[in-house]
Amino acid sequence: MSSATGATEAPGPRGAATWRSAELVERRGETPNASTLTFDVSGWPGHHAGQHLDVRLTAEDGYQAQRSYSIASAPEDGRVALTVERFEEGEVSPYLVDEMQPGDVLELRGPIGGWFVWHIADGGPLLLVAGGSGVVPLRAMLRHRHANASHVPARLLVSARRAEDLLYSAELAELAEADDGFELLATLTREAPAGWTGFTRRIDREMLEEVAWSPRELARTFVCGPTAFVEAAADALVGLGHDPALIKTERFGPTGGSET
Amino acid sequence: MTPPISRGFRRRHAADAEQADRVPPGQYVVTDFPVLSAGPTPRTPLEEWSLEISGEIDAPRRWTWEEFRALPTETFATDIHCVTKWSKLGTSWTGVSVDTLLDGVETEAEFVLGVCDGGYDTNLPLDDVTGGKAWIAFDFDGVPLEPQHGGPARLLVPHLYFWKSAKWIRQLVLMKDDQPGFWESNGYHNYGDPWREQRYWGD
Amino acid sequence: MNDDDLRLDGNAAAGLLTEVFAVEMTTALGTCAHCGATNALGTVQVYVHAPGTVLRCPACTNVLMTIVRSHEHLHVDLSGVRRVEIAG
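Computed from a prediction, not measured in an experiment: that's the story for all the values here.

Student: Just to check I follow, could you spell out the sheet that holds strand S5 (residues 53-56) of chain C for this structure?
Tutor: Across a sheet, paired strands are connected by hydrogen bonds in the backbone, their directions being either parallel or antiparallel. All names here are of chain C. Strand order in the open sheet formed by 5 strands is S1-S4-S5-S6-S7, and the pairing between neighbours is antiparallel. For this open sheet the edge positions go to strand S1 (7-9) and strand S7 (74-77), each flanked by a neighbour on one side alone. Between one strand axis and the next, the sheet turns through 25 degrees on average, direction left out of account. Pairing analysis gives 3 bridges linking S1 to strand S4 (residues 45-47), with the strands arranged antiparallel. The residue bridging Arg 7 from the neighbouring strand is Tyr 47, located in S4. Against the sheet, helix H1 (residues 14-21) makes contact with S5, strand S6 (63-69) and S7, and its axis sits at roughly 95 degrees relative to S7, the strand it touches most.

Laid out in structure tokens, this is it:
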């Protein structure tokens, strides 16, 4: 169970280098193409919002496959959750999204990463910009914020193709309604449903100028998603006068995670 | 300690018995064409492109793109095998045989280093790029080779692991002594025969 | 697929770097031996869709580090890094 509440140091390397057995507790469909899997992990050392982990699957014939996924849960959530998007040609994601059942096991290693993390102690305002499944580590940051009843001003701008592809839409809407200084904005790039009041185009400088605080506010900014998305957003923010040192980026590969 | 088995998980690519004699050990067959790269895709304009043969040679040779494309070509099908375990069967290429480029060359070199835009290099015995075993390829599947796959031209040496088929080739440097290239310096086998599964040092 | 898609950042190499250095490295600062630029390793260019993992300087794209996993070994070439500064 998590022991990281209030921790300010990254869990030690020896802990993070060990493969741990993890049992699936729940698999919940988030969208037609993505599921959130919640695990009980023996000896999990805890993590920070924004970190990721490695997953390893072993088949009966001994064949192994390994992938990286951002941790979707906050440190305070106790159990470790991942949100996985199905990649049609994939080997691991179809198994995780469609087949794995409560009681099944896999191995996890981590947490990994110290750059792309946010703690409430880091302060804000907090600007989060997500392309597709890039919202996963940012959702962990928002859950961490909420779990600590923080009122650090926060805004999430999420980009997806269609409304049905938006991850965590109900949960994020609920967080926004809690009126604790969190605002949710979204843009749909392919198709919007009737009555949609959000943006309807790829993110660009004008949209970010509307959404971001003034550069004077020195917002801590996290941008996550495919490389082209991340670089367009980060370049636009720097072009608007935001300090590059306050912008942290995490690029996902074409399959959403990384293969090793 | 044996790792826990993930119930129902299995490898995606199962071996196909029909193709077994064309698939080296440890490989699986793909139908797409995976793109692997260690760096940004170079974009040399054709008017700036040249191919050179240099090093241990009586007289260095150089072709512009027009001169290169005026050379006799061959179109053929072959199987390719990447050290990352995918194999693609029956790939169709058009290229200039390295024998054509070396025709009449006087050299005591026994090795060649392929040097590429972007800084990549790879080494081979001269014997492995002559005698009809290697080409400078510029068309794949009947159309110009895409930049992500090595266009405008790549070295093609299908009997060895595909890291030897250097993308964005610009020079063949003939050498008396062997000199390991990029991956060969970083743990990959100096020769790279897929049929003997020579992936890493010591294999 | 467009060209950009294969280029990731240091976060994609974080796990591998911890295997090599035994500490978290994305917050470590690396200085490029070629151009002298210093950057947090979490921000360097990383290519993983290759026979190995290649880290490149975000300023000049020269290779900083190459890491290859063979049967029993991790081969690490650090010749593109002049200096690394690890926090803590």
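There's more to say after this.
Student: Whenever I open this one, the interface of chain A and chain C confuses me. Can you help?
Tutor: For an interface, size is often stated in terms of accessible area lost upon the parts coming together. Chain A puts 21 residues into the contact, and the matching count from chain C is 22 residues. Only helix H1 (13-16), helix H6 (227-239) and strand S11 (247-252) of chain A provide two or more residues apiece to the side of chain A that touches chain C. Residues of the side of chain A that touches chain C, tallied by class, amount to 10 nonpolar, 7 polar and 4 charged.

Student: I'm lost on H6 of chain A in this one. Help?
Tutor: For an α-helix, the turn length of 3.6 residues means that residues three or four places apart are oriented alike. Over its 13 residues, H6 of chain A runs 18 Å from end to end, which matches the ideal 18 Å to within 8%, given 1.5 Å per residue. Those residues of H6 of chain A not exposed but buried are Thr 227, Phe 229, Val 230, Ala 232, Ala 233, Ala 234, Ala 236 and Leu 237 of chain A. In the core, the buried residues of H6 of chain A are packed alongside strand S7 (126-131), strand S8 (154-162), helix H5 (205-211), strand S10 (220-226) and S11 of chain A together with S1 of chain C. Looking at the residues trailing H6 of chain A, positive phi occurs at Gly 241 of chain A, about 105 degrees.

Student: I tried to follow unusual backbone geometry on my own but got confused; where do I start?
Tutor: For residues that are not glycine, phi is negative in most cases, and the peptide bond is trans in most cases. Gly 110 of chain A connects to Pro 111 of chain A through a cis peptide bond whose omega is 10 degrees. Tracing the sequence through the fold places Pro 111 of chain A in strand S6 (residues 105-112). Positive phi is not limited to glycine here, since Leu 218 of chain A has a value of about 55 degrees. With respect to the helices and strands, Leu 218 of chain A occurs in the loop between H5 and S10. On the basis of neighbour count, Leu 218 of chain A is assigned to the partly exposed category, with 15 C-beta atoms found within 10 Å. Even without being glycine, Ala 22 of chain C reaches a positive phi, approximately 70 degrees. Following the sequence through the fold, Ala 22 of chain C ends up in the loop between H1 and strand S2 (29-32). Of the residues examined, Ala 22 of chain C has 13 C-beta atoms within 10 Å and is grouped as partly exposed.

Student: Explain the nonpolar core here, please?
Tutor: As a rule of thumb, nonpolar side chains are buried together in soluble globular proteins. One finds Leu 128, Leu 138, Leu 156 and Ala 233 of chain A together with Val 112 and Ile 136 of chain B to be the most contacted residues of the largest nonpolar core, which totals 139 residues. Considering every element that reaches this core, the biggest residue donor is H6 of chain A, with 7 residues. Counting residues domain by domain, this core receives three or more from each of domain 1 (13-112) and domain 2 (120-255) of chain A. With residues up to four places along the chain from it excluded, the contact list for Leu 128 of chain A reads Leu 138, Met 141, Ala 154, Arg 155, Leu 156 and Phe 222 of chain A.

Student: I'm lost on the environment of Thr 91 of chain B in this one. Help?
Tutor: All names here are of chain B. Residue position: Thr 91 is located in strand S5 (residues 86-97). Given 17 C-beta atoms within a 10 Å radius, Thr 91 is considered partly exposed. Spatially, the C-alpha atoms of Thr 91 and Phe 68 are 22 Å apart, while their sequence positions differ by 23 residues. Residues contacting Thr 91, with those up to four places away along its chain left out, are Ala 77, Thr 78, Asp 79 and Ile 80.

Student: Can you walk me through the environment of Asp 204 of chain A in this structure?
Tutor: Along the chain, Asp 204 of chain A turns up in the loop between strand S9 (182-191) and H5. When the C-alpha atoms of Asp 204 of chain A and Ala 176 of chain A are compared, they prove to be 23 Å apart, with 28 residues separating the residues in sequence.

Conventions adopted
- Residues numbered from 1 in each chain as written.
- Chains lettered and ligands numbered in written order.
- Predicted model: local features only at pLDDT ≥ 70, side-chain atom pairs only at ≥ 80, totals over all residues.
- Pairing = 2+ DSSP bridges.
- Helix = DSSP H or I, 4+ residues; strand = E, 2+ residues; numbered from the N terminus.
- Axes fitted to C-alpha atoms, helices over the stretch in contact; angles between N-to-C directions.
- Contact = placed C-beta atoms within 7 Å.
- Nonpolar A, V, L, I, M, F, W, Y, C, P; charged D, E, K, R; others polar.
- Expected span 1.5 Å × (residues − 1).
- Buried ≥ 20, exposed ≤ 12 C-beta atoms within 10 Å, placed from the backbone.
- Core = buried A, V, L, I, M, F, W, Y, C linked by C-beta atoms within 7 Å.
- Domains from an automatic or database assignment.

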